[in-house]
Amino acid sequence: MEPGHVAIIGSGLIGRSWAMVFAAGGFKVKLYDVAQQQLTSALENICKQMKELEESGFLKGSLSVEQQLALISICTDLKAAVEGATFIQECTPESLELKKKIFSQLDLIVSDNAILSSSTSCLLPSKLFTGLKHVKQCIVSHPVNPPYYVPLVEIVPHPETDPFTTERTYALMRKIGQSPVKLNREIEGFALNRLQYAVISEAWRLVGEGIISPTDLDLVMSDGLGMRYAFIGPLETMHLNAEGISSYCERYCEGMRLVLNTFGPVPEFSGEAEQKISQAMSERIPVVPKVLDARRKWRDECLAGLSKLKKQMKSD
Ligand code: NAI
């Protein structure tokens, strides 16, 4: 990508993480927010996180903490934040109204060269970008929490997005060490959440119907399916679990269809099942900020270790 800085709009959980990922990739970052206090605490938090990452040997990129921090500046003036930016990553709360307002403000001030990218988890590009003058430069780059440790980014174009915008976004994500995937057209939930929700809904049904306990259900993933899914996807799993895909279909399609036909309706995610799951989870991990934060920290350390292992084991 051409020289220029990256502007991050919104300095919450995801904005901070993007700022760290881009700085690790050597990019100048301007972090913008409506709240000065939010920006100050974002910078403090980024600094703390980077130092901890350096100590544990998990700091990304080839630059030192000081060099990476020197690349990040904060700003409460939207125009100043995006002036000269070649890539703008919007990370404001998940509200269509708010995001539309921000993109229409950006539409008035960006150059014809900048990419306008949204971190949205579920808002469709056609809802976010239709009618913008710079729609050809607009795209969704949906990260996975926490983006610093989980590299996948779903790139989802608006029907009018210029293919060059998609290519530039894809190349930029590769350059900063993320793992981009392209969706050819928009769909509710993109790809990641469609897979995730399929898993959550069957997990909910199995526990709700009393077939398995909440703790054992989670083990099915963490000590079972998840072990290989960190390395190979469901399609490669099929390929390797028989003599290729066709052989897998020949052997297992009848069984798969039989099981799939027993899947129930979409759960309500409320009532007795919710109480049961909530109680079991809260007994293991009480809903207390300190406990939740400690568990998240442990999760992030696991993910950092896993990403190191994945790099060592890389086969293509
Ligand atoms: P957050 O609530 O932590 O941060 C939002 C930030 O936006 C806050 O700092 C807030 O002050 C700022 N903000 C509010 N109005 C603003 C405005 N008009 N202009 C500039 N900044 C403004 O939210 P979070 O979790 O970082 O989510 C941001 C986006 O990322 C959402 O669209 C969300 O769906 C998406 N996302 C979130 C993931 C998650 O697990 N938290 C994962 C993947 C995507």
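Small disclaimer: the values here were computed from a predicted structure and weren't measured.

S.K.: Mind showing me how you'd approach the pattern of salt bridges here?
M.R.: When charged atoms on two side chains of opposite charge get close, those side chains can pair. As enumerated under the stated definition, the model contains eight salt bridges in all. Lysine 48 serves as the salt-bridge partner of glutamate 52, at 3.7 Å between the closest nitrogen and oxygen. With glutamate 52 and lysine 48 both in helix H2 (residues 36–56) and four residues apart, this pair spans about one turn of that helix. Glutamate 52 sits in the partly exposed class, given a relative accessible area of 32%. Relative accessible area serves as the criterion here: at 53%, lysine 48 is assigned to the exposed category. One network of salt bridges, with partners in common, ties together Glu90, Glu94 and Lys99.

S.K.: What am I meant to see in the domain arrangement of the protein here?
M.R.: Interfaces are often sized by the amount of accessible area the parts lose when they come together. When the domains of the protein are assigned, the result is domain 1 (5–182) and domain 2 (192–284). The C-alpha centroid of domain 2 is placed 32 Å from the C-alpha centroid of domain 1.

S.K.: Before we go on, may I ask you to explain the UniProt feature "domain: 3-hydroxyacyl-CoA dehydrogenase NAD binding" (unreviewed entry) in the protein in this structure?
M.R.: Under the local residue numbering, the UniProt record ascribes the feature "domain: 3-hydroxyacyl-CoA dehydrogenase NAD binding" (unreviewed entry) to residues 5–184. Note that residues 5–184 is 43% helix and 22% strand, and that its end C-alpha atoms are spaced 28 Å apart.

S.K.: What's the story with the layout of surface pockets in this structure? I'm lost.
M.R.: If you roll a probe as big as a water molecule over the atoms, it shows you where there is empty space left. In this model, the second largest pocket occupies a volume close to 770 Å³. Gln49, Glu52, Tyr149, Lys297 and Asp300 are the residues nearest the centre of the second largest pocket, which is lined by 22 residues in total. Contributing elements (two or more residues each) for the lining of the second largest pocket: helix H1 (13–24), H2 and helix H13 (289–313). The leading source of residues in the lining of the second largest pocket is H13, at seven residues. The residue inventory of the lining of the second largest pocket, partitioned by class, reads eight nonpolar, five polar and nine charged.

Criteria and cut-off values
- Residues numbered from 1 in each chain as written.
- Predicted model: local features only at pLDDT ≥ 70, side-chain atom pairs only at ≥ 80, totals over all residues.
- Heavy atoms only, no water.
- Salt bridge = Lys/Arg side-chain N within 4 Å of Asp/Glu carboxyl O.
- Helix = DSSP H or I, 4+ residues; strand = E, 2+ residues; numbered from the N terminus.
- Buried < 20%, exposed > 50% of the residue type's maximum accessible area, 1.4 Å probe, protein only.
- Domains from an automatic or database assignment.
- UniProt positions renumbered as here; feature names shortened; annotations may be inferred.
- 1 Å grid on protein atoms, 1.4 Å probe; cavity = no way out; pocket = protein on both sides within 12 Å on 5 of 7 lines; lining within 4 Å.
- Points joined across faces, edges and corners; volume = space filled by probe spheres on them.
- Nonpolar A, V, L, I, M, F, W, Y, C, P; charged D, E, K, R; others polar.

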